[in-house]
Amino acid sequence: MDAIEKIVEQILEKGKDEIATYKSAEKERIEKNFDEQVAAIEIQEKNQLDKNTELTKKAFKQKQNRQQLDVRQETLNRKQELLTQLFKETVEKMNEWDTATFQNFAANVLSNLQLTGEVQLDAGEYSQDKLSQEWLNQFHTDKLTVQLSDTVIPKESGFVVVKDGIEYNFLFSTLVQEIQKAESFKIAEMLFR
């Protein structure tokens, strides 16, 4: 029986060795598989983190650019408001001219117009009391006659000279508006350096 027991013992020993080898190999395979999965997850996590970082940077840059654009637009709007207010106040100051200042302006215009024949002068509502036919008579020459019209331009200061259906507009709001169109950029440059 000793021989059988030895054979059984050898078979059991061999079985134990095979089980231990199988267990060790299986454990190694599982650990290798686990390590590969962990490495794959870490790579995936890093890629996702990189992607999220890039998206965050891009979103931040877009927001920053948008804010800068909004600030520039707000600044531009404020400057435009200030310029508009400046031109509005200029018209208001001109509307407040006394008779002597207004007549000096009108005399300068009438002297430089170089028109001949009969012309008509339509006064603005706020300027009509600063002009009279008697005052206009000083501009009569053998080539020019200036007639003060009964036509009054409502809610305006200044005047319009009419010659053969052509109007020469010297209303203050129009003059300032023309200056605003032509010189706004230069004025803004001087004011907002």
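Computed from a predicted structure; not experimentally measured.

A. Up close: the overall build of the protein. Regarding its fold elements, the protein presents 4 helices and 4 strands. Helices and strands appear in the protein in the N-to-C order α-α-β-α-β-β-β-α. In summary, the protein has a C-alpha radius of gyration of 47 Å against a globular reference of 16 Å for 193 residues, an excess of more than 25%. The contacts in the protein between residues at least 6 apart in sequence include a share of 75% that link residues at least 24 apart. Distance between charge centroids for the protein: 5 Å, based on 26 positive and 35 negative side chains.

B. Here's a closer look at the nonpolar core. Counting residues in hydrophobic clusters, the biggest one holds 27 residues, and the most contacted among them are Leu110, Leu121, Trp135, Phe159 and Val161. Put simply, the parts of the chain that give this core at least two residues each are helix H1 (2-95), helix H2 (99-112), strand E1 (117-124), helix H3 (133-136), strand E2 (144-153), strand E3 (158-163) and helix H4 (172-191). With 6 residues, the top contributor of residues to this core is H2. Setting aside its immediate chain neighbours within four residues, Leu121 contacts Leu110, Leu131, Leu136, Val146, Gln147, Leu148, Ser149, Phe159, Val160 and Val161.

C. A look at the sheet that holds strand E4 (residues 166-171). If you walk across this open sheet you meet the 4 strands as E2-E1-E3-E4, and the pairing is mixed. Edge strands, defined here as strands with exactly one partner in the open sheet, are E2 and E4. Within the sheet, the average angular offset between the axes of one strand and its neighbour, ignoring direction, is 25°. Looking at chain direction, E3 and E4 are connected through 6 bridges and run antiparallel. Directly across from Val162, in E4, lies its bridge partner Glu167. The strands touched by H2 within the sheet are E1, E3 and E4, with E3 carrying the most contacts at an inclination of about 25°.

D. Seen up close, the pattern of salt bridges. Under the counting rule described, the total for this entry stands at 6 salt bridges. For Asp50, the salt bridge goes to Lys46, with nearest N and O atoms at 2.9 Å. Placement of both Asp50 and Lys46 in helix H1 is noted, with a separation of 4 residues, approximately one turn of the helix. With relative accessibility at 39%, the residue Asp50 sits in the partly exposed group. Where Glu178 meets Lys181, a salt bridge forms, and the shortest distance between an N and an O atom there is 3.8 Å. Of this pair, Glu178 and Lys181 both sit in helix H4, 3 residues apart, which is roughly one turn of that helix. Here Lys181 falls in the exposed class, since its relative accessible area comes to 63%.

E. Looking closely at the environment of Ala123. Looking at the element boundaries, Ala123 is found in strand E1. For Ala123, a relative accessible area of 4% translates into the label buried. With 34 residues separating them in the primary sequence, Ala123 and Ser157 have C-alpha atoms 7.4 Å apart. In contact with Ala123, not counting residues within four places along its chain, are Gln128, Leu131, Thr151, Val152, Ile153, Gly158 and Phe159.

F. Geometry of H2. Taking 1.5 Å of rise per residue, 14 residues should cover 20 Å, and H2 covers 20 Å from first to last C-alpha, within 8% of that figure. Positive phi appears at Gln114, one or two residues downstream of H2, with a value of about 60°.

About the criteria used
Residues numbered from 1 in each chain as written. Predicted model: local features only at pLDDT ≥ 70, side-chain atom pairs only at ≥ 80, totals over all residues. Heavy atoms only, no water. Helix = DSSP H or I, 4+ residues; strand = E, 2+ residues; numbered from the N terminus. Rg over C-alpha atoms; globule rule 2.2 N^0.38 Å. Contact = heavy atoms within 4.5 Å. Lys, Arg positive; Asp, Glu negative; His and termini not counted. Charge placed at Lys NZ, Arg CZ, Asp CG, Glu CD. Core = buried A, V, L, I, M, F, W, Y, C linked by side-chain atoms within 4.5 Å. Buried < 20%, exposed > 50% of the residue type's maximum accessible area, 1.4 Å probe, protein only. Pairing = 2+ DSSP bridges. Axes fitted to C-alpha atoms, helices over the stretch in contact; angles between N-to-C directions. Salt bridge = Lys/Arg side-chain N within 4 Å of Asp/Glu carboxyl O. Expected span 1.5 Å × (residues − 1).

Treat this as a map of the structure, not an account of what it does.
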